[in-house]
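Survey of secondary and tertiary structure
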Amino acid sequence: MKKLLFNLLIIISLNCFGQSNSSYLQADTFYGNVLRQNPDAHVLIQGHPTGFFLSYNKRSFGEEAWQDHYNYPDFGYSIGYQYYKSDIVGKLYSVYGHYNFYFFNRENKNQLIFRAGIGLAYNTNPYDKETNNKNTAFGTSLNSSTYFKLYYQRENIIENIGVNAGLTFIHASNSNIKSPNSGMNVWAATIGLNYNLDNEVELKTYIPSSESSYFKQPIKYNVAFRTGINESEIIGSGVKPFFVFSAYADKRLNRKSAIQFGADLYISPILKDYYELNLTIPHTHLKETNDFSRIGLFVGHELFINKLSIETQIGYYVKYPFEYQGLVYETLGLKRYINEKWFASLRLKAHAADAETVEFGIGIRL
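Everything in this summary refers to the structure shown in the same document. (Residues numbered from 1 in each chain as written. Predicted model: local features only at pLDDT ≥ 70, side-chain atom pairs only at ≥ 80, totals over all residues. Heavy atoms only, no water.)

Observations regarding the overall build of the protein chain
Looking only at helices and strands, one finds 4 helices and 16 strands in the protein chain. By the compact-globule yardstick of 21 Å for 366 residues, the protein chain fits well, its C-alpha radius of gyration being 22 Å. Seen through its principal axes, the protein chain has C-alpha atoms that stretch 70 × 55 × 30 Å. Carbon together with sulfur atoms contributes 63% to the accessible area of the protein chain, which is approximately 18,100 Å² in total. Charge centroids of the protein chain, computed over 35 positive and 32 negative side chains, lie 2 Å from each other. (Helix = DSSP H or I, 4+ residues; strand = E, 2+ residues; numbered from the N terminus. Rg over C-alpha atoms; globule rule 2.2 N^0.38 Å. Areas by Shrake-Rupley, 256 points an atom, 1.4 Å probe, with all protein chains shown as cover. Lys, Arg positive; Asp, Glu negative; His and termini not counted. Charge placed at Lys NZ, Arg CZ, Asp CG, Glu CD.)

Laid out in structure tokens, this is it:
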């Protein structure tokens, strides 16, 4: 599997190198600790997780106006390997798309960089009722994963070779598509090397944006429909589809940011199953109901990056038929604008560290 990941990175880098010579490779190794957000983590892990990341990064120089607004970030692909030091949890292989955001002037050779990546991960030893019923972290082999990395980078110390070091946070779970799903969160120190594929990077110039600094836009109204599948916290209770209808207004503050206010309607058939199963448990105090929909009000923020944007929201249920994971919820989403009005979205909904759904949707901004 490690050899396959390495070959995959070589294929990606050669393909991208053929399109643009303003790029570089990175290889990092890490050593860390599992964040014990739940009691199971203490039982599952017997050591410090280790692993590595290999990445390809393509520089930007202002070919598009938005790049100047974000200090000319890199876009890239990364592949990762994690060994959790646990026969129960096994290993994790992952692939991501990522952006690198620079803190200092881009002509500075010493850089502090923040990376955000999102992708898919494969767990080698997921939960199995008969053969591995202790792995409450991963209920499926295929999972979603995100990672964030804050690091220092120095390029071209010895010809095209440089160094980088910093801290990384890695999350992996199946977003409650199937229980169990406590997931794994790892904080780690990382160190590695970078290799420039271009000998003439220093000769390239960064193009300033020609857009006016003045930006104004009226309030926009959004309607979105999202769906997916998930299972309640009760293992084996069954996977069912869910539906989310959202309506909200947003106001652009500037070219980068907008604030949001709106409402979500959640229709989740798993709540009926969860309710009925809990009624069979002695001393369970649930009020009688035959309505299993929830309505939440939320405030949020949207960060616009080219045709992509990142949404973060926090909501509170004003319609809440019975206790399930808490009254407050959070969402983190990616939006891809198809044109000026229509967009597609991918959104994770959670209650603190407990993911409930991963939602795929489409919407319109009027």
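A short note on the layout of surface pockets
Computed from the structure, the largest pocket encloses a volume of approximately 1,300 Å³. The residue makeup of the lining of the largest pocket, split by class, is 26 nonpolar, 19 polar and 3 charged. Estimated volume of the second largest pocket: approximately 590 Å³. Lining the second largest pocket are 21 residues, and of these Phe-215, Gln-217, Arg-252, Phe-304 and Asn-306 lie nearest its centre. (1 Å grid on protein atoms, 1.4 Å probe; cavity = no way out; pocket = protein on both sides within 12 Å on 5 of 7 lines; lining within 4 Å. Points joined across faces, edges and corners; volume = space filled by probe spheres on them. Nonpolar A, V, L, I, M, F, W, Y, C, P; charged D, E, K, R; others polar.)

What about the pattern of salt bridges?
Using the criterion set out here, one finds 14 salt bridges in the structure. Of the charged contacts in the structure, one is a salt bridge between Asp-250 and Arg-365, with a shortest N-O distance of 2.9 Å. A residue pair is termed long-range when its members are at least 10 positions apart, and Asp-250 in strand S10 (residues 240-252) and Arg-365 in strand S16 (residues 354-365) qualify at 115 residues. Neither Asp-250 nor Arg-365 differs from the other in exposure class; each is buried. (Salt bridge = Lys/Arg side-chain N within 4 Å of Asp/Glu carboxyl O. Buried < 20%, exposed > 50% of the residue type's maximum accessible area, 1.4 Å probe, protein only.)

A short note on the sheet that holds strand S2 (residues 50-58)
Strand order around the closed barrel formed by 8 strands is S1-S2-S3-S4-S5-S6-S7-S8, with antiparallel pairing between neighbours. For this sheet, the mean angle separating the axes of adjacent strands, direction not counted, is 25°. With 13 bridges connecting them, strand S5 (residues 110-123) and strand S6 (residues 142-158) associate as antiparallel partners. If you follow Gln-111 over to S6, its bridge partner there is Gln-153. (Pairing = 2+ DSSP bridges. Axes fitted to C-alpha atoms, helices over the stretch in contact; angles between N-to-C directions.)

Digging into a nonpolar patch on the surface
Side chains of Phe-261, Leu-297, Val-299, Ile-314, Tyr-316, Val-318, Leu-327 and Val-328 sit close together on the surface and give an oily, nonpolar patch of about 690 Å² of accessible area. Secondary-structure elements contributing two or more residues to the nonpolar patch are strand S12 (293-305) and strand S13 (308-319). Considering the arrangement of structural elements, one finds Tyr-316 in strand S13. (Patch = residues over 30% accessible without salt bridge, like charges linked within 9 Å, V, L, I, M, F, W, Y side chains within 5 Å.)

Considerations on the nonpolar core
The biggest cluster of nonpolar side chains holds 19 residues, and the ones touching the most others in it are Leu-44, Ile-45, Tyr-84, Val-89, Phe-138 and Met-184. The set of elements that each furnish at least two residues to this core consists of strand S1 (23-34), strand S4 (91-102), strand S7 (161-173) and strand S8 (184-196). Ranked by residues supplied to this core, first place goes to S8 with 3 residues. With residues up to four places along the chain from it excluded, the contact list for Tyr-84 reads Ile-45, Gly-47, Pro-49, Val-89, Gly-90, Leu-92, Phe-138, Ala-172, Met-184 and Val-186. (Core = buried A, V, L, I, M, F, W, Y, C linked by side-chain atoms within 4.5 Å. Contact = heavy atoms within 4.5 Å.)

Quick look at helix H4 (residues 270-279)
At 3.6 residues per turn, the α-helix brings residues three or four places apart onto the same side. What H4 keeps buried is the set Ile-270, Leu-271, Asp-273, Tyr-274, Tyr-275 and Asn-278. On its buried side, H4 packs onto strand S9 (220-230), S10 and S12.

Observations regarding the packing of aromatic side chains
With the rule as written, the count across this model stands at 31 aromatic pairs. With 6.1 Å between their ring centres and 10° between their planes, Phe-114 and Phe-148 make a pair best called stacked. Of the two residues, Phe-114 is situated in strand S5 and Phe-148 in strand S6; the sequence distance between them amounts to 34 residues. Given a relative accessible area of 31%, Phe-114 falls into the partly exposed group. Among the aromatic residues, those joined into a ring-pair cluster are Trp-66, Tyr-70, Phe-75, Tyr-77, Tyr-99 and Phe-101. A cation over a ring is seen here: Arg-252 above Phe-304, with NZ or CZ 3.8 Å from the ring centre. Sitting over the ring of Tyr-70, Lys-256 keeps its end group 4.8 Å from the ring centre. (Phe/Tyr/Trp six-rings, centres within 6.5 Å; stacked < 30°, edge-to-face > 60°. Lys NZ or Arg CZ within 6 Å of the ring centre and 35° of its normal.)

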